[in-house]
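Now for the letters of each chain:
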Amino acid sequence: MALQVTGGVGCCCPRPLPCSGGRRLPQVAAALCHPPRAVASGATTVVEEDEGKVRLGGSSVAVTKLGIGAWSWGDTTYWNDSEWDDRRLREAQDAFDASIDNGMTFFDTAEVYGTALMGAVNSESLLGGFIKERQQKELVEVAVATKFAALPWRFGRGSVLSALKKSLDRLGLSSVELYQLHWPGIWGNEGYLDGLADAYEQGLVKAVGVSNYNEKRLRDAHARLKKRGVPLAANQVNYSLIYRTPELNGVKAACDELGITLIAYSPIAQGVLTGKYTPEKPPTGPRANTYTPEFLTKLQPLMNRIKEIGASYGKSPTQVSLNWLTCQGNVVPIPGAKNASQAKEFAGALGWSLTGDEVEELRTLAREIKGIKMPIEES
């Protein structure tokens, strides 16, 4: 039976609905060893609007309209001030629990998040431990997406299956809802796509996708998988109000045409669209190279308008920025939550909608913002 999705995301609600409340569970230490196998969520055959879920492309997988990115969990190369400790571990697990409590049950990770360098802990292992401990308290449905790293020394379809099985072992799952190619490989992409199809046919994944694929690569991947009878469910790309390259390079239009869900990573521009950074107080670490005081000065007119619109709905800049993305239709944002308060705030982006005029006004203001480039999507 085909999965039926009713009620697409529109920009027509006159005022926000109250976001759902959540309860906190007691903190439990995370299990970093390989947990016993468990099964994450299975998609239902019919997805109703009030369930807050959407189907990933032409697959049978349904996920919440807002997911949570786990890039920062365990990472010491880009996030967490180059260190990982018990406090950050507790905060990450709190973020996971708060996400579940507030109705966001779709989590995106990758084998290269938190690689074993500089004291890092693998994000997949952390997520798997969080799922296991939560399942011991109550039965919850969790949809997991992870990714294959197209490293130069990996060749052919077998490398995909080998990497996937290691990811499943770290996660403690018998399958995942979505398995994605993290970026285009230098060579061997056709073999990687065949590996995705093999994984799908073997029941190790419920849906397959790609990430950081430009329009041509996306169309080629869709066509190759279609020959195997496997739907290309998603393309995960950088997309936010101030980074709208998917609208400009044909990726968003191709996703809509081909029935591929666009999963938006960095949907609040790595925290810049929260309004917490100013020209006088820019972000630190690697983000400082992109979001300079000069850039933040140019950003202020847009941020001021975001705050004004948010105030009229009783919403924060973060919630307005995420809602702007959901208003584009066929987009599932996956902001990264480092703690419970961030996860709870993200949930407030759901259940209401900006007007069409507000969406276009913010887009017009954002066109004045220049200077962000992500060349990986042009490779």
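Where an unreviewed UniProt entry is consulted, the protein appears under the name NADP-dependent oxidoreductase domain-containing protein, with the organism given as Miscanthus lutarioriparius.

S.K.: Can you break down the overall build of the protein residue by residue, with the values?
M.R.: Of the regular secondary structure elements, the protein holds eleven helices and twelve strands. The burial tally for the protein puts 56% of its 379 residues in the buried class. If you take every contact in the protein between residues at least 6 apart in sequence, the share linking residues at least 24 apart comes to 79%. Accessible surface computed for the protein: about 15500 Å², of which carbon and sulfur atoms make up 55%.

S.K.: Let's hear about the sheet that holds strand β7 (residues 143-148): which residues, and what values?
M.R.: The eight strands lie next to each other as β5-β6-β7-β8-β9-β10-β11-β12, forming an open sheet whose pairing is parallel. This sheet does not close on itself; its edge strands, each paired only once, are β5 (68-69) and β12 (331-333). Examined bridge by bridge, strand β10 (residues 232-238) and strand β11 (residues 261-265) share five bridges and lie parallel to one another. Among the inter-strand pairings, Val-237 is bridged to a residue of β11, identified as Ala-264.

S.K.: Let's hear about the packing of aromatic side chains: which residues, and what values?
M.R.: Inspection of the entire model under this criterion finds ten aromatic pairs. Ring centres of Phe-155 and Trp-187 lie 6.2 Å apart, and the angle between their planes is 5°; this geometry places the pair in the stacked category. Pair noted here: Phe-155 is in the loop between β7 and α3 (156-171) and Trp-187 is in the loop between β8 (178-181) and α4 (189-201), with a separation of 32 residues, a long-range link. The exposed category is assigned to Phe-155, whose relative accessible area is 57%. Given the relative accessible area of 42%, Trp-187 is considered partly exposed. Joined through ring pairs, the aromatic side chains of Trp-73, Phe-96, Phe-107 and Phe-130 make up one cluster.

S.K.: Could you give an account of unusual backbone geometry, with specific residues and numbers?
M.R.: Phi at Asn-212 is positive, roughly 60°, even though this residue is not glycine. Residue position: Asn-212 is located in the loop between β9 (208-211) and α5 (215-227). Of note, Asn-330 is a non-glycine position whose phi angle comes to about 60°, a positive value. One can find Asn-330 in the loop between α9 (317-326) and β12. Using a relative accessible area of 31% as the deciding quantity, one classes Asn-330 as partly exposed.

S.K.: Tell me about the confidence of the model for the protein, and please be specific about residues and values.
M.R.: Looking at the protein as a whole, its pLDDT mean stands at 85, while 82% of the residues score no less than 70. Below a pLDDT of 50 lies the segment residues 1-50, which in the model reaches 124 contacts outside its immediate sequence neighbourhood of four places, other chains included.

S.K.: Break down the pattern of salt bridges for me, citing the residues and quoting the values.
M.R.: Scanning the model with the defined rule gives 24 salt bridges in all. The shortest N-O distance in the salt bridge between Glu-138 and Arg-134 comes to 2.8 Å. Among the residues examined, Glu-138 registers a relative accessible area of 25% and is labelled partly exposed. The salt bridge involving Arg-228 is made with Asp-198; its shortest N-O contact spans 2.6 Å. A residue pair is termed long-range when its members are at least 10 positions apart, and Arg-228 in the loop between α5 and β10 and Asp-198 in helix α4 qualify at 30 residues. Arg-228 sits in the partly exposed class, given a relative accessible area of 25%. A single network of salt bridges, built from pairs that share partners, joins Arg-157, Glu-190, Asp-194, Asp-198, Glu-201, Arg-224 and Arg-228.

S.K.: Lay out the pairing of β7 in plain terms, naming residues and giving numbers.
M.R.: Among the six residues of β7, six are classified as buried, and the element is accordingly described as predominantly covered. Pairing analysis gives three bridges linking strand β6 (residues 106-108) to β7, with the strands arranged parallel. In the strand pairing of β7, Asp-108 is matched with Ala-145. In this structure, β7 lies alongside β8, joined through four bridges in parallel fashion. Opposite Lys-147, over in β8, you have Gln-180 as the bridge partner.

Thresholds applied
- Chains are numbered independently. Their residues run from 1 in the order of the written sequence.
- A pLDDT threshold of at least 70 governs which residues receive local features in this predicted model, and a stricter bar of 80 or more applies before side-chain atom pairs are shown or counted, although totals over entire chains, interfaces and linings include all residues.
- Working from all heavy atoms in the structure, the side-chain values ignore hydrogens and water.
- By the criteria applied, helices consist of DSSP H or I runs no shorter than four residues and strands consist of E runs no shorter than two, each listed in order from the N terminus.
- Residue burial is assigned from relative accessible area. The probe radius is 1.4 Å, only protein chains are included, and a residue is buried under 20% of its type maximum, exposed over 50%, and partly exposed in between.
- Whether two residues are in contact is decided by their heavy atoms, any of which lying within 4.5 Å being enough.
- Throughout, the Shrake-Rupley method with a 1.4 Å probe supplies accessible areas, and for residues the shown protein chains are the sole cover considered.
- Following DSSP output, two strands are said to pair if at least two bridges run between them.
- Working definition: rings of Phe, Tyr and Trp (its six-membered ring) pair if their centres are within 6.5 Å, and the pair is stacked with planes under 30 degrees apart, edge-to-face with planes over 60 apart, and tilted otherwise.
- Note on scores: pLDDT gives the predictor's confidence for each residue, bounded by 0 and 100.
- By definition here, a salt bridge exists when the distance from a side-chain nitrogen of Lys or Arg to a carboxyl oxygen of Asp or Glu is within 4 Å.

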